[in-house]
Amino acid sequence: MAVIIYLQKDKYICMKNILLILLIIFTSSCSFRKDFKVLDRLEPIIEPIVEPIKEFLIENTLENNSKVIIRDKWNVPHIYGHSDADAAFSLAYAHAQDDFHTIHEAILKARGEYASVYGAGPNKINAIFDYMVGLLKLWEIIDEKYYTDLSPETISLCEAYADGINAYIEHNKKNIKQYVYPLSGKDVVAGFLHKTPTFYKLPFFLSDLYTKNPEDIPSEYTTGDTIEILKNLDIKGSNVYAVSPDKTNKGETYLAINAHQPFDGELAWYEAHINSNEGWNMLGGLFPGSPVVLVGHNKYLGWGHTVNNPDIVDIYNLEINPDNGNQYWFDGEWIDFESFDVTIKIKVLGKALYNYKEKAFWSIHGPVIKGEKATYAVKYSKADDIRIIEQWYKMNKATNFDQWKNAMEMMSIPMFNAGYADNKGNIFYLYNASLPIRNEKYNWKKVLPGNTSNALWSKYLEFDNLPMVKNPSTGYIQNCNSTPFITTNSNDDPDKSKYSKTFGIETHMTNRALRALETFGQDSSITYQEFKNYKFDKYYSKNSSMAFLVKRAIKLLEGNYFHNSFEDSTIDKTKEIFTNWDLSTGIENQNATLPILSFAKIIDLPPTSVGDSTIVKDMSFAMNYLINSHSALDVKWGDVNRLIRGETNLPLSGGPDIARAVYGIPQSNGQLKAIAGDCYILFSVWNQRGKVYSESIHQYGSATQDINSEHYDNQTKLYSNEKFKKMSIYKKDVIKGAKNVLVLD
């Protein structure tokens, strides 16, 4: 075995460790390199060591050092700290090693300083997003609440994470360009306050308010809208499944964490294992800039999140005083806007910066957008709650259901379904959302009148009244971005009639949810392999939107809708493909490609809301795309649906709204490049003794930015073949599988 030990700049090996190493050298057959020396920079020392001695050395390293990063064969960091703060420091350092660029970009954006480095951008987009940081008062809120609303433990965690990034920058000054040093804990909090609104599409709403009339503002955005707007920033999706011991063949508890995120960027998953002597031992996925695991498991319990779609953003149309543009009408009187300057630093030439000041306005509702068609105000749930990290931190440290539930009761995370399982055999589903209690008089899906307090709200539905299911008689829970009212398709599900329509709680079923009921729901004794097979289910349900769209397509093909654009032989072949498709998305399926290309962007819409003209237009695009790029319509799905990473180009099964979720964008060579969907997947199993075992897969590898690293794409073949790597949170296993060790003390 080879152990690579890194020593921090300007630090020396303690005498105790030197004596220990000398003792081992003289009592074993192993030897160190002759050029062994104290390092004056970060570089490896490679030591051929027999297995027991390697393990003994690492044990000693962990005992005598407070900040240690162990990398396994997949380069996944296993973080060991004496304190939680030590672990957060080391996590930051490890993540920066693998993806400093994305962390750096996220910090710039959360500070509202992106244009200072990259200029105003096309259509001034960089400057606009920097302006939004000021408009939403992110930093004013953080400065006001940082020391009052956060616990000392959370502050210590955030400051330590910032220090870890600072240390990485200090050690790599000659190798990186950066514009964020030094970071503070407030930067870490700002990252969360800046990212979270993306999940409920706040940036999309703000963009539309500048140019659209009130009646043209959508109540929500589809997957197609999302892909077109930001390509690879945010895809609506995720699956979580949990099965109780009563429904598994060996009396075990299963949990599948399967969040669908972009493959790249600030919302792409990074895998890490965090351990401290203060009781923190968590494996899972997190985003760049996060000091805690967001989805994963510890020894006792685990959880996954899926994106839900509660109505937690409200838009108000303000009536402006014709004689004074800085006043709006509210409850019978003209009220002055609160106004302030937002200074945006914009890079112009070389290193020159231009300080541009733009007025910002607030009404009693919240931030104001003075658009081309109207003046709007925005109000959204938990806009001033900075405790998101603290809630996830408490979830990480929970050792039983009650502690985890107490953390969830903070309700600082304003949305996301949660699926839970633990070593006691409990399974649990929660529709987590900060749901405003609203006046039933108004249609809250539309733009609201901004002239009355009757349309304002200040309270939320209490936690205990949220839709939830614990230990259902069915023995399983699932959520796949679908209604909470059909979690198990049994009497254990929440009662829809108890919830106001003003909450905007979903009532639809995605294909993934339908298939979960048709797989998990129909199996009374699930083996672990079956559990994995159900997660990788590749079918559209016969009751899905896709199935209905296919039926409509066949009827349209029998009419005269395509004859002006295509030859009869092409139309006949298209009809043959749609008629013969078995709704499967396997890589060898030759009938899947054309329907999926046709309907991928509208698949989350009710089929009855899609007009014939839209179906014809989207089918025509798909037909032309395949004819032009492949000279055929019956192309194998795996020849089109691809995982592309550098020189790697692999076939993928699955597709939009499939349990094996893949969302791609067309390439010039006739392939679809997967940009989102199944990315980080983690399976956890608690056996009858309560011990947890897990395996995971990442769509790429741990080195998400270094194209020269073997870990840039070393998980892609496993991912393509729907295989996993073994993971463990137990120190003995981590040490045994260690490939290198980094000491940061």
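Residues numbered from 1 in each chain as written. Predicted model: local features only at pLDDT ≥ 70, side-chain atom pairs only at ≥ 80, totals over all residues. Heavy atoms only, no water.

Colleague: So what's going on with the overall build of the protein? Residues and values would help.
Modeller: Along the backbone of the protein there are 21 helices and 30 strands. Taking 745 residues into account, the globule formula puts the C-alpha radius of gyration at 27 Å, and the protein, at 27 Å, falls close to it. In terms of overall dimensions, the protein has C-alpha extents of about 85 × 65 × 55 Å along its principal axes. For the protein, with 745 residues in total, the buried portion stands at 61%. (Helix = DSSP H or I, 4+ residues; strand = E, 2+ residues; numbered from the N terminus. Rg over C-alpha atoms; globule rule 2.2 N^0.38 Å. Buried < 20%, exposed > 50% of the residue type's maximum accessible area, 1.4 Å probe, protein only.)

Colleague: Describe the side chain of Lys 195, and please don't skip the residues or the numbers.
Modeller: Considering the arrangement of structural elements, one finds Lys 195 in helix H8 (residues 185-199). Buried charge without a partner: Lys 195 forms no salt bridge, and the closest opposite charge is Glu 266, 4.8 Å away. There is a polar contact of 3.1 Å between the side chain of Lys 195 and the backbone oxygen of Pro 288. For Lys 195, the contacting residues outside a window of four places in its chain are Ala 106, Glu 266, Leu 267 and Pro 288. (Lys, Arg positive; Asp, Glu negative; His and termini not counted. Salt bridge = Lys/Arg side-chain N within 4 Å of Asp/Glu carboxyl O. Polar contact = N/O pair within 3.5 Å; in protein donor to acceptor, adjacent residues only side chain to side chain. Contact = heavy atoms within 4.5 Å.)

Colleague: Give me the environment of Thr 574: which residues, what numbers.
Modeller: By the element assignment, Thr 574 lies in helix H16 (residues 568-580). Residue classification places Thr 574 among the buried positions, given a relative accessible area of 0%. Placed 20 residues apart in sequence, Thr 574 and Ile 554 show a C-alpha to C-alpha distance of 8.7 Å.

Colleague: Please set out helix H2 (residues 51-64) residue by residue, giving values where relevant.
Modeller: A rise of 1.5 Å per residue sets the reference length of H2, with its 14 residues, at 20 Å; its end C-alpha atoms lie 20 Å apart and thus fit the reference within 8%. Among all positions of H2, only Ile 53, Lys 54, Leu 57, Ile 58, Asn 60, Thr 61 and Leu 62 are buried. (Expected span 1.5 Å × (residues − 1).)

Colleague: Break down a positive patch on the surface for me, citing the residues and quoting the values.
Modeller: A surface patch of like charges, here positive, comprises Arg 689, Lys 691, Lys 732 and Lys 736. Here Lys 691 lies in the loop between strand S27 (672-686) and strand S28 (692-697). Note on Lys 691: relative accessible area 34%, which makes it partly exposed. (Patch = residues over 30% accessible without salt bridge, like charges linked within 9 Å, V, L, I, M, F, W, Y side chains within 5 Å. Areas by Shrake-Rupley, 256 points an atom, 1.4 Å probe, with all protein chains shown as cover. Charge placed at Lys NZ, Arg CZ, Asp CG, Glu CD.)

Colleague: Describe the side chain of Arg 438, and please don't skip the residues or the numbers.
Modeller: Take Arg 438: it is sitting in the loop between strand S20 (427-431) and strand S21 (448-449). Within the structure, the side chain of Arg 438 is placed 3.1 Å from the side chain of Asp 314, a separation counted as a polar contact. A polar atom in the side chain of Arg 438 sits 2.6 Å from the backbone oxygen of Thr 502. Look past the residues within four positions of Arg 438 in its chain and what remains in contact with it is Asp 311, Ile 312, Val 313, Asp 314, Trp 444, Trp 457, Thr 502 and Phe 503.

Colleague: Residues and numbers for the layout of surface pockets, please.
Modeller: Taken as a whole, the largest pocket holds about 1,500 Å³ of empty space. Around the largest pocket, the lining is made up of 49 residues, and of these Ile 125, Asn 126, Ile 128, Phe 129 and Asp 130 lie nearest the centre. For the lining of the largest pocket, the secondary structure elements donating two or more residues are helix H3 (84-111), helix H5 (125-135), H8, helix H9 (202-209), helix H10 (223-230), strand S15 (338-347), strand S16 (353-362) and strand S17 (367-370). Per element, the largest residue contribution to the lining of the largest pocket is 9 residues, and it comes from H5. Here the lining of the largest pocket is composed, by residue class, of 29 nonpolar, 10 polar and 10 charged. (1 Å grid on protein atoms, 1.4 Å probe; cavity = no way out; pocket = protein on both sides within 12 Å on 5 of 7 lines; lining within 4 Å. Points joined across faces, edges and corners; volume = space filled by probe spheres on them. Nonpolar A, V, L, I, M, F, W, Y, C, P; charged D, E, K, R; others polar.)

Colleague: I'd like to hear about the nonpolar core, residue by residue, with values.
Modeller: Core analysis: the largest hydrophobic core is formed by 164 residues, its most contacted members being Ile 165, Val 313, Trp 392, Trp 404, Phe 520 and Phe 531. Ignoring any residue separated from it by four or fewer positions in sequence, one finds Trp 404 in contact with Leu 301, Trp 303, Met 395, Ala 398, Ala 418, Tyr 420 and Phe 428. Core analysis: the second largest hydrophobic core is formed by 37 residues, Val 550, Phe 566, Ile 571 and Val 640 among them. (Core = buried A, V, L, I, M, F, W, Y, C linked by side-chain atoms within 4.5 Å.)

Read these as geometric descriptors, not functional statements.
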